[in-house]
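Spelled out, the chains give:
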Amino acid sequence: MGPRSFWALTVVALSACGRSSPDQATTTAPESRASRVREDSPSPVASQRLAILRSHPSDYGISKPGKVWAVVVEVGGGFGKSNSTTTSLVDGYTWYFFTDGRGRFPRRGEEPPAANEASRKLCTVAVEFLSKTIPTTEFPGPKQGFWQFFIMTPEGVRYATASEDSLMNGHELGKLFYAAFDVRDAWIQWSKGAGQASE
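Starting afresh in each chain, residues are numbered from 1 along the sequence in its written order. Local features in a predicted model are, by the rule used here, given only for residues with pLDDT of at least 70; side-chain atom pairs are given and counted only at 80 or more, and totals for whole chains, interfaces and linings are based on all residues. The side-chain numbers reported here are obtained from all heavy atoms of the structure, hydrogens and water having been left aside.

Details of the overall build of the protein chain
- A run of DSSP states H or I qualifies as a helix once it reaches four residues; a run of E qualifies as a strand once it reaches two. Both are numbered from the N-terminal end. The helix and strand inventory of the protein chain stands at 5 helices and 7 strands.
- For the protein chain, the α and β elements follow one another from N to C terminus as α-α-β-β-β-β-α-β-β-β-α-α.
- When a residue's accessible area, from a 1.4 Å probe over protein chains only, is under 20% of the maximum for its type it is buried; when over 50% it is exposed; and in between it is partly exposed. Looking at the 199 residues of the protein chain, the share that counts as buried comes to 50%.
- Only the protein chains shown count as cover for residues, with accessible areas throughout obtained via the Shrake-Rupley method and a probe of 1.4 Å. Counting only carbon and sulfur atoms, one obtains 52% of the accessible surface of the protein chain, whose full area is about 9600 Å².

Examining the sheet that holds strand β1 (residues 70-75)
- Read from one edge to the other, the open sheet built from 7 strands follows the order β4-β3-β2-β1-β6-β7-β5, with strand pairing classed as antiparallel. Across the chains shown, the open sheet's two edge strands, defined by having one partner strand only, are β4 (103-104) and β5 (134-135).
- Here 5 bridges tie strand β2 (residues 84-89) to strand β3 (residues 94-98), and the two strands are oriented antiparallel to one another. Each residue of the ladder has a partner; that of Thr85, found in β3, is Phe97.
- Contact definition: two residues touch when any of their heavy atoms are within 4.5 Å. In this analysis an axis means a line fitted to C-alpha atoms, helices contributing only their contacting stretch, and an angle means the value between N-to-C directions, from 0 to 180 degrees. Strand contacts of helix α3 (residues 113-126): β1, β2, β3 and β6 (146-153), with the helix running at about 80° to β2, the strand carrying the most contacts. Strands are treated as partners if at least two bridges between them are detected by DSSP.

Considering the nonpolar core
- In this structure, Leu122, Trp147, Phe149 and Leu176 are the most contacted members of the largest nonpolar core, which totals 28 residues.
- Mapped onto this core, the elements with two or more residues apiece are β1, β3, α3, β6, β7 (156-163) and α5 (174-194).
- It is α5 that contributes the most residues to this core, 7 residues altogether.
- In this structure Leu122 touches Val71, Val73, Ser88, Leu176, Ala179, Ala180 and Val183, once residues within four positions along its chain are discounted. We call a set of buried residues a nonpolar core when its members are Ala, Val, Leu, Ile, Met, Phe, Trp, Tyr or Cys and they connect through side-chain atoms within 4.5 Å of each other.

None of this, on its own, says anything about what the molecule does.
And the structure:
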């Protein structure tokens, strides 16, 4: 599936929509609890999320992916807020969406420049954290107050998660967290300026 057809599928899908301890090792395998997005979920957003996590570099025209070709970052919403998913490709292409159906899926070159730059940096930083993640084929939704990182490599997907509180207070994934935060923040700031819902 090429980049254009994938983007078209995304638009159609969205149009149809209308704590473990913070100190626990981040290499614990994802849990299959109620927060997990079921593979047979009828939600177009859930289906799109799984499609991203099961994709390959060639789906986006990336012929030389390197050690990390994409990073998917998810934040567990609190107080009734939706979970958010931000995807960053090694070439800077980036998009985000929420479990309630909101989101931005620009064509290549139409994403905010700050988000494009931050996405490139995130993929570079992620290489440093491959040894702090575990391989996974399970893709649970994030727990409330937690950030989770799916690092996409040519060999498969690697995973880590931690609470936002611990990430902001000396956690070993701190550098990865702040690089991911910059991507998310770039989208939020751009969305505010464009009059789009962002939180």
